[in-house]
Amino acid sequence: MANLGFQSVYHLINSIDSAVCERAFLPDKEDIEEFRRTSTELFSYESQTPLREFDIIAFSLPFEDDYVNIGRILGLANVPVFSAERNLKPLVIAGGVGVSLNPEPLADIIDVFTIGEGEGALPELIERYRALKDGPAGALLPGLDELPWTYIPSFYEYSYDGPAIKEVKRKAGAKEKVTGKKAFDLGDFPVPQSFITTPDSEFRDTYLIEVERGCGRGCRFCAAGFLYLPPRWRKTDDVKEALSDGLKRASKAGLIGTAVSEHPDINEIIGFGVEKEGGVTLSSLRLDMIDADLLALLKKSGYKTITLAPESATERMRSVINKGITDDEIMDAVALIREAGFLKLKLYYLVGLPTETDEDALAIVALTKRIKAMMARGQISLSINPFIPKPFTPFQWMAFEDPSVIERRLKSITKGLLRENGVSVNTMSAKEALIQAYVSRSDRRAGSLIVEASLKGWARVMKANEAFITESVSMERPKDAIFPWDIIDHGVRKAYLWKEYGKALEARTTPPCEVGECFRCGVCLPEYFEKEG
Ligand code: SF4
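Just so it is clear, the structure is predicted and the values come from calculations on it, not from any experiment.

Another point: the layout of surface pockets. In this structure, the second largest pocket occupies an estimated 370 Å³ of space. Every residue lining the second largest pocket is counted, 18 residues in all, and those nearest its centre are Asn87, Leu88, Lys89, Lys133 and Leu140. At the level of secondary structure, the elements contributing two or more residues to the lining of the second largest pocket comprise helix H5 (121–132) and helix H6 (140–145). Per-element accounting of the lining of the second largest pocket gives the leading share, three residues, to H6.

Printed below as a string of structure tokens:
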């Protein structure tokens, strides 16, 4: 319920006269046992209808970690997990960031993927489905394939060479490229917000509102940054209207986006929330966008913890990832935060980045001590995650760092800060990251492992398939590698990403987007706008 993509799709489909969209959720662990014991099939929340009686079951999949739950949900609903056993009844579709980056790991499970942003796509897909559903059985998938942003995996055949893809064959008539859907003009669609608020969800007292989409900074590790290009900001008045409504329904509003603090009127928007006597929170702040006015507004709106993402502790590494922030800018931001009276600071870092050395990683210790010295009474919490190379980023070709190297670096950082009062360190284990690293760039051979993991857990699946999974994640891909996601076009050219990869290895930076004046990555080229429709 805290996923605005999910909420928007629900709202959009229910705005169509001829369609009804209901929600269903994977029950909590202890309730699953009860469903099984009583042979109860999973049913919808609104009308308690068994899922298998619906025409379509649609999944919203923002993260790879969600994939194991598909098998669990379909299993509880008595719907065959693999599409070959379902005969399109019901039709199982999926969308969201995870599968828009790479749908192939779920190719044997999902019948139709909607690639890109849901607005405009889902209502059109439902209309098309309605027109085709009572026609000849063989006409449904080819009819849905005519939509430029659908991916129908059964229309493609892959052959492999070890962990790499050797060849992709298209079935007659299948499209050559899938063009990711993009809402170029966000004003054409309702502002995604918590259309439904419920005390039973995450962020129960926060009304979420999408303020902007896309980020032009070009951080090279960031899949959302490249997927959502070009940067688009919602009209300030539209955000204020949503804020007015939201603060009547919840005590605070959460402003959501790829880079919220870059909205040109962010101070005005937060100020408006403060005037309405509501709290306003932001998902994170860009370090070099912080100023005393913004911090004063956040303080007034009840903000307690400032979250920043330096990502790395040395300037060289920040050039590699194109973060474009100097040590001085970090310390200036911390000084402003202290002067504004904030006592809690959360910092995000990545470990295992390309060209990173042990010294680069250990620099997190020294930087944290400098920050702590400046915020003597403050509490600093570090969240350090292993870096996972993602599709559609300049790092899509690179290997995932050896897990033992990641663990060694995480241990040294934790040890280095052990005696530092008021500093806490949270890390994601390399083992956990390895699963995500495998799934995010895997091909359709991952499908059976994902289903197995939904029954037995990833630890057992990893153990049984260790050699193959390790080989897949540690493989440095050549320039001309065929990626499982090559079928998709989100507008950013592969050649541009390769160039950015080369610049990263030389620690050369690229300036931010200049929308309207720049055509370097390809998204803003007129050809892409037209193709995308
Ligand atoms: S073409 Fe330029 S302005 Fe447009 S998204 Fe790409 S880098 Fe940004």
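Past the structure itself, the notes keep going.
Moving on: the environment of Ile330. Counting through the fold element by element, Ile330 comes out in helix H12 (residues 327–339). We classify Ile330 as buried; its relative accessible area is 2%. Separated by 29 residues in the primary sequence, Ile330 and Ser301 place their C-alpha atoms 24 Å from one another. Beyond its immediate sequence surroundings of up to four residues, Ile330 is in contact with Leu287, Pro310, Arg318, Ile325, Leu367 and Ile371.

In space, the four strands of this open sheet follow the order S1-S2-S3-S4, with mixed pairing throughout. Here the strands that pair on one side only, and so sit at the sheet edges, are strand S1 (56–60) and strand S4 (150–151). Two strands pair when backbone bridges link them, and S1 and strand S2 (residues 91–95) are joined in this way by five bridges, in the parallel orientation. Across the sheet, the residue bridging to Ser60 is Gly95, located in S2.

What follows deals with the domain arrangement of the protein chain. Here the protein chain is described as being made up of domain 1 (4–179) and domain 2 (186–444 + 495–527). Each of domain 1 and domain 2 has a C-alpha centre, and the two are 30 Å apart. Each partner contributes to the interface: domain 1 provides 28 residues, whereas domain 2 provides 27 residues. Both sides together, the interface formed by domain 1 and domain 2 hides about 2,400 Å², and carbon and sulfur atoms give 58% of it. Here domain 1 and domain 2 share five salt bridges between them.

Calculation notes
- Residues numbered from 1 in each chain as written.
- Predicted model: local features only at pLDDT ≥ 70, side-chain atom pairs only at ≥ 80, totals over all residues.
- Heavy atoms only, no water.
- 1 Å grid on protein atoms, 1.4 Å probe; cavity = no way out; pocket = protein on both sides within 12 Å on 5 of 7 lines; lining within 4 Å.
- Points joined across faces, edges and corners; volume = space filled by probe spheres on them.
- Helix = DSSP H or I, 4+ residues; strand = E, 2+ residues; numbered from the N terminus.
- Buried < 20%, exposed > 50% of the residue type's maximum accessible area, 1.4 Å probe, protein only.
- Contact = heavy atoms within 4.5 Å.
- Pairing = 2+ DSSP bridges.
- Domains from an automatic or database assignment.
- Buried area = accessible area lost by both parts, 1.4 Å probe.
- Salt bridge = Lys/Arg side-chain N within 4 Å of Asp/Glu carboxyl O.

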